[in-house]
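Notes for the structure review
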Amino acid sequence: MDMYSRTRMLIGDGVDKLKKSKVLVCGLGGVGGYVAEALARAGIGHIDVLDNDVFSASNLNRQILATVDTVGRRKTEVAAERIKSINPDCEVKAFDIFYTPQNSDRIDLSEYDYVADAIDTVTSKIELIFRAKDCGVKIISCMGTGNKLGTEFRVADISKTKVCPLAKVMRKELKLRGISDVKAVYSEEEPTVPDNTPFECGRHIPASISYAPAIAGMVLASEIIKELIK
């Protein structure tokens with residue numbers, strides 16, 4: 001039995017569709033690392049990864065790509081190695097950049113069948129969604145996973161999201177730009193900001209737990225896979 005045998009039992013010829021698919025994973029932290037992991041194991045034939053960060057010790061509590069051995073290394077480099085170690089046939093390209101409106105033209109989103117948005121920064125998320133919608137490429141965007149202990153992450157159009165502070169900001173900004181029909185993964189759990197949360201660069205650093213970002217990432221990946229095999 002090969003790596004696809006059990007997947008083929010479940011989705012049949014969908015395996016062949018996944019092999020021909022090309023997905024861009026933007027953000028390789030707690031959510032994005034798990035998205036890349038699930039896509040690689042499902043047999044996506046081409047996975048590109050985007051991030052400009054390096055792993056730090058504070059990532060070890062929740063990021064699948066973060067280990068003692070990868071601390072200090074570039075996230076894109078580690079992700080590419082991980083994907084190839086799971087599926088050597090998968091084509092991988094790394095974009096070691098911080099995605100912004102100023103450099104977004106470096107990536108031609110029209111090349112992709114799907115884009116996974118696991119970026120933290122609002123400006124970058126909006127630009128990525130705008131670019132994807134503009135060229136007719138499917139995109140799914142993850143909302144906040146920090147300061148949460150729950151496991152109930154759900155999928156909805158961004159206009160139907162509630163409670164999540166990041167989703168509230170995204171709804172407003174996307175509406176101002178006339179952007180609609182954006183699939184989002186979010187949680188309706190009220191986030192809690194602990195009293196001991198550090199305050200840096202004008203904001204509280206989100207608290208986190210091992211499983212919440214992982215669950216959100218797996219939900220993102222499942223939506224991508226299910227749509228690609230339709």
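Below is a summary of the structure that appears in this document. Per chain, the residues get numbers from 1 upward, laid out in the order the sequence is written. For a predicted model such as this one, the threshold for reporting local features is a pLDDT of at least 70, and the threshold for listing and counting side-chain atom pairs is 80 or more; totals across whole chains, interfaces and linings nevertheless cover every residue. Working from all heavy atoms in the structure, the side-chain values ignore hydrogens and water.

A look at the pattern of salt bridges
Opposite charge on two side chains lets them pair, provided their charged atoms get close. Every case where a carboxyl oxygen of Asp or Glu lies within 4 Å of a side-chain nitrogen of Lys or Arg is listed as a salt bridge. All chains considered together, the criterion is met by 17 salt bridges. Where Glu173 meets Arg177, a salt bridge forms, and the shortest distance between an N and an O atom there is 2.7 Å. A relative accessible area of 45% means that Arg177 is categorised as partly exposed. Look at the salt bridges and you will find they share partners, linking Lys138, Lys183, Glu223, Lys226 and Glu227 into a network. Each residue's exposure class comes from its accessible area (1.4 Å probe, protein chains only) as a fraction of the maximum for that residue type: buried when under 20%, exposed when over 50%, partly exposed otherwise.

Details of the environment of Arg177
Secondary structure counts use DSSP, requiring at least four H or I residues in a row for a helix and at least two E residues in a row for a strand, with both numbered from the N terminus. Mapped onto the secondary structure, Arg177 falls in the loop between α6 (165-176) and β7 (183-187). Sequence separation between Arg177 and Val49 is 128 residues, and the spatial gap between their C-alpha atoms is 27 Å. Side-chain atoms alone can form a polar contact between residues adjacent in sequence; in general such a contact is a pair of N or O atoms within 3.5 Å, and within protein one must be able to donate a hydrogen while the other accepts it. A distance of 2.7 Å separates polar atoms of two side chains, one belonging to Arg177 and the other to Glu173.

Some points on the sheet that holds β7
Read across the open sheet, the seven strands follow the order β3-β2-β1-β4-β5-β7-β6; overall the sheet is mixed. Each of the sheet's edge strands pairs with one partner strand only, and the pair in question is β3 (91-95) and β6 (153-157). Across this sheet, the average inter-strand angle for adjacent strands is 20°, counted without regard to direction. In this structure, strand β1 (residues 22-26) lies alongside strand β2 (residues 46-50), joined through five bridges in parallel fashion. Of the residues in β2, the one forming a bridge with Val23 is Ile47. Pairing between strands is defined by DSSP: at least two bridges between them are needed. In this analysis, axes come from line fits to C-alpha atoms, helices being fitted only over the stretch in contact, and the angle between any two N-to-C directions falls in the range 0 to 180 degrees.

These figures come from the coordinates and say nothing about function on their own.
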